[in-house]
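Here is how the chains run, residue by residue.
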Amino acid sequence: MPTRQVTLNPSKPLEVNVISHSPHVAAYRIWTRPAGGSGWTKVAEGSTADNVPDFFSTGPLTSGAKLHYWVGVGGNPATNYRIIVTLGQGGQILPDGTLVMQGTTNASGVDVLEDEVSFT
Amino acid sequence: MSPRTLRSKHPLAPCFAGVALLLALAPLQGFASDGDPNPEPVDFAVPDAPAFTFLSATPTQVAQPGTARDLAVQLVNAVGSDGKVQQGFALEVRPWYLVPGLSIPLSSYQKPGGFILANLQLSVGTAQTSGDDTSSTNIAMGVRATLFDDGDPMRNAKYAEELGTRLLECAPDMPGSMSKEDSLACASRKADAQREAWRTAHWNATRLSVALASGWRSPGSILKDSQWTGLSAWATGGFGLGTWGQVLGQLRYDHQDLANSDALSFGTRFNVGSKNVNGFVEVSGANTFGLPEGSDSLSAHAGFGVEFRVTEKVWLSTGLGQGFTEAADPIAVTANLRWALADKASFDPSK
């Protein structure tokens, strides 16, 4: 699985925001794993249509830590979607911290994306 | 449209004329019998891709660019370096998606302006000219807009919230505990079940769509030598009646510039649906005008059909249709009765 690398400040918490820029629902579940650790900890889950803010804070995370995300997209069949997950600290998005997920839903109107980010 | 007289020798003609007067909206289907004892339904629906319908083409591959750059590349590839248009080109796009920085989240989609913009669709197509002149190419461009659609579940906030909950049920408990394929299959099943329930409850939702297509002919496929050939316009609407009925209306206008003729097609259909009985009454017709004197024509058709569920998987259907036409010498109209058995309803109110 390809892994994106993002540089962060190990003394500050990591801020994650999930936004749908298209008429689709994004359901998400996010985990983190500390540097050198073997187990994943779920840090957030929800959907962009549940009237609960999709912004949360976790960490601080040190270099070598990882973040794993699963995003389920739902909408009308065969429609283009655009979901953005941002990684930031102190209110600022980190360099390479904008994860853009684009694609087309299937005949059932859904798609699934899963990936991992390594922090340096 | 000037008033015309429709002639019929059938003794029930006044009854059908009465139906036509009562049903003033436009239908989706009519029976174009023209004397055929087994009339087939005529599809007057607003086309998904007006440009392809204008060309009477069904492309097997349709380009759907996801970025403005991809769109530009596709359009450039449609015209060769010699200025000739490629035949068989087909492209379909929703413009909003290509505009950098423009977003239409669900909150905007659930408002009229955002909904219309998100569903605005453009289509472009080319096809070889029919007949002996195979070197020439027909070109068409079309636009389709859905002005409102109460049957679109994504316009409903509660539906969207429930969809999010169902999708989350398909997320892995831990990274690597579920394959993407399994997760996607789970999400598809849950979304299908939710959408099916929505459709059943909203089969007769109120909706209105319009479309427009225009065409050109390029002699020798030279783009700069193109001549305008005409245009077609469609409007289709549906109005729900409680949970049991629906009135559908359809209008189509065609202008053929080379033949200097115009045609207006119309139709009205009243659907009644339930678990065990389906029925419809419909009137459709066409008026061609602008042709050489004496060639203009007006025709109309009326029909009704009923389906009964005999057993769980056996439906008995019947239909009756009648045609009307304007002619210097009245012709005998046809009426026929069709009986058929099927294992599913031909008209499913849940779809």
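This text gives an overview of the structure that appears in the document. (Residues numbered from 1 in each chain as written. Chains lettered and ligands numbered in written order. Predicted model: local features only at pLDDT ≥ 70, side-chain atom pairs only at ≥ 80, totals over all residues. Heavy atoms only, no water.)

### Thoughts on the overall build of chain B
Broken down by element type, chain B carries seven helices and 13 strands. Counting all 351 residues of chain B, 40% fall into the buried class. Put simply, chain B shows about 18400 Å² of open surface, and 58% of that area lies on carbon and sulfur atoms. (Helix = DSSP H or I, 4+ residues; strand = E, 2+ residues; numbered from the N terminus. Buried < 20%, exposed > 50% of the residue type's maximum accessible area, 1.4 Å probe, protein only. Areas by Shrake-Rupley, 256 points an atom, 1.4 Å probe, with all protein chains shown as cover.)

### Describing the overall build of chain A
Per the secondary structure count, chain A includes zero helices and nine strands. Taken from the N to the C terminus, the helices and strands of chain A come in the order β-β-β-β-β-β-β-β-β. For 120 residues, the compact-globule estimate of 2.2 N^0.38 gives 14 Å, and the C-alpha radius of gyration of chain A, at 14 Å, lies within 12% of that figure. With respect to the three principal axes, the spread of C-alpha positions in chain A is 45 × 30 × 25 Å. (Rg over C-alpha atoms; globule rule 2.2 N^0.38 Å.)

### Looking at the nonpolar core
Counting residues in each nonpolar core, the largest one holds 27 residues, and the members touching the most others are V25(A), W70(A), L106(B), Y109(B) and M154(B). With five residues, helix 6 (residues 157-168) of chain B is the single largest residue contributor to this core. Ignoring anything within four residues of it in the chain, the contact list for L106(B) reads S22(A), P23(A), H24(A), V25(A), A49(A), M154(B) and A160(B). (Core = buried A, V, L, I, M, F, W, Y, C linked by side-chain atoms within 4.5 Å. Contact = heavy atoms within 4.5 Å.)

### Points about the sheet that holds strand 8 (residues 92-104) of chain A
What holds strands together in a sheet is hydrogen bonding between their backbones, with the strands either parallel or antiparallel. Residue and element names in this part refer to chain A. Here we have four strands laid out as an open sheet, ordered 5-2-7-8, and antiparallel in their pairing. A strand with exactly one partner marks an edge of an open sheet, and here the two such strands are strand 5 (55-58) and strand 8. Taken over all neighbouring pairs, the strand axes of this sheet differ in orientation by 20° on average, direction set aside. With four bridges joining them, strand 2 (residues 14-20) and strand 5 adopt antiparallel strand pairing. (Pairing = 2+ DSSP bridges. Axes fitted to C-alpha atoms, helices over the stretch in contact; angles between N-to-C directions.)

### Details of the interface of chain B and chain A
Many descriptions give the size of an interface as the accessible area lost when the pieces come together. Between chain B and chain A, the residue contacts involve 33 residues of the former and 36 residues of the latter. Surface buried jointly by chain B and chain A totals about 2800 Å² across both partners, of which 59% is contributed by carbon and sulfur atoms. Among the residues of chain B in contact with chain A, Y97(B), L168(B) and P175(B) are the three that bury the most area, contributing 23% of the side total. Remark: the boundary between chain B and chain A carries one salt bridge. Between D173(B) and R29(A) there is a salt bridge, and its shortest N-O distance comes to 3.9 Å. Summed over the shared surface of chain B and chain A, the number is 14 residue pairs in polar contact (both at pLDDT 80 or more). (Buried area = accessible area lost by both parts, 1.4 Å probe. Salt bridge = Lys/Arg side-chain N within 4 Å of Asp/Glu carboxyl O. Polar contact = N/O pair within 3.5 Å; in protein donor to acceptor, adjacent residues only side chain to side chain.)

### Quick word on the side chain of T79(A)
All names here are of chain A. Within the fold, T79 resides in the loop between strand 6 (66-74) and strand 7 (80-89). By relative accessible area, T79 is classed as buried at 13%. At 2.6 Å, the side chain of T79 and the backbone oxygen of N76 are in polar contact. Each residue touching T79, except ones within four places of it in the same chain, is listed here: H24, G103, T104 and T105.

### Digging into unusual backbone geometry
All names here are of chain A. Cis rather than trans, the peptide bond between G59 and P60 has omega equal to 15°. For P60, the position within the fold is in the loop between strand 5 and strand 6. Even without being a glycine, N51 presents a positive backbone phi close to 60°. Note on placement: N51 falls in the loop between strand 4 (41-47) and strand 5. A positive phi is found at A78, a non-glycine position, where the angle reads about 55°. With relative accessibility at 54%, the residue A78 sits in the exposed group.

### Thoughts on helix 7 (residues 180-201) of chain B
Each full turn of the α-helix corresponds to 3.6 residues, which orients residues three or four apart in the same direction. Between its first and last C-alpha, helix 7 of chain B extends 32 Å over 22 residues, near the 32 Å set by a 1.5 Å rise per residue. Turning to helix 7 of chain B, its buried residues number three or more, namely S183(B), C186(B), A187(B), S188(B), A191(B), Q194(B), R195(B) and W198(B). Residues of helix 7 of chain B that are buried sit in contact with strand 6 and strand 9 (110-119) of chain A together with helix 6 of chain B. (Expected span 1.5 Å × (residues − 1).)

### Section: the sheet that holds strand 4 of chain A
Here we have five strands laid out as an open sheet, ordered 1-9-6-3-4 (chain A), and mixed in their pairing. Whereas interior strands pair on both sides, the edge strands pair on one side only; in this sheet they are strand 1 (3-6) and strand 4 of chain A. Direction aside, the axes of adjacent strands within the sheet are offset by 20° on average. The pairing of strand 3 (residues 25-33) of chain A with strand 6 of chain A spans nine bridges and is antiparallel. Directly across from R33(A), in strand 6 of chain A, lies its bridge partner K66(A). In the packing of helix 6 of chain B onto the sheet, the strands contacted are strand 3, strand 4, strand 6 and strand 9 of chain A, and the crossing angle to strand 3 of chain A comes to about 35°.

### Quick notes on the packing of aromatic side chains
Counted by the stated rule, this structure contains four aromatic pairs over all chains. Measuring from ring centre to ring centre gives 5.5 Å for W96(B) and Y97(B), while their planes differ by 85°; the resulting arrangement is edge-to-face. Among the residues examined, W96(B) registers a relative accessible area of 4% and is labelled buried. Here the aromatic rings of Y159(B) and W198(B) are separated by 5.4 Å at their centres, their planes lie at 70°, and the arrangement is edge-to-face. Here Y159(B) is found in helix 6, whereas its partner W198(B) is found in helix 7, with 39 residues between them in sequence. When the ring centre of Y97(B) is taken as origin, the NZ or CZ atom of R82(A), which lies over that ring, is 4.5 Å away. Taking NZ or CZ as reference, R155(B) lies 4.7 Å from the ring centre of F115(B), over its face. (Phe/Tyr/Trp six-rings, centres within 6.5 Å; stacked < 30°, edge-to-face > 60°. Lys NZ or Arg CZ within 6 Å of the ring centre and 35° of its normal.)

### Overview of the packing of helix 6 of chain B against helix 7 of chain B
Residues and elements named next belong to chain B. The interhelical angle for the contact between helix 6 and helix 7, taken along N-to-C directions, is 155°, at an axis separation of 9 Å. Here helix 6 lies roughly antiparallel to helix 7, going by the angle between them. Considering only the axes of helix 6 and helix 7, their crossing is right-handed. Of helix 7, the residues touching helix 6 (which contributes Y159, E162, L163, R166 and L167) are A187, K190, A191, A193, Q194, R195 and W198. Here the residues of the contact of helix 6 with helix 7 are counted per class, giving seven nonpolar, one polar and four charged. (Parallel < 35°, antiparallel > 145°, perpendicular 65-115°, else oblique. Left-handed = near helix turned anticlockwise from the far one by under 90°. Nonpolar A, V, L, I, M, F, W, Y, C, P; charged D, E, K, R; others polar.)

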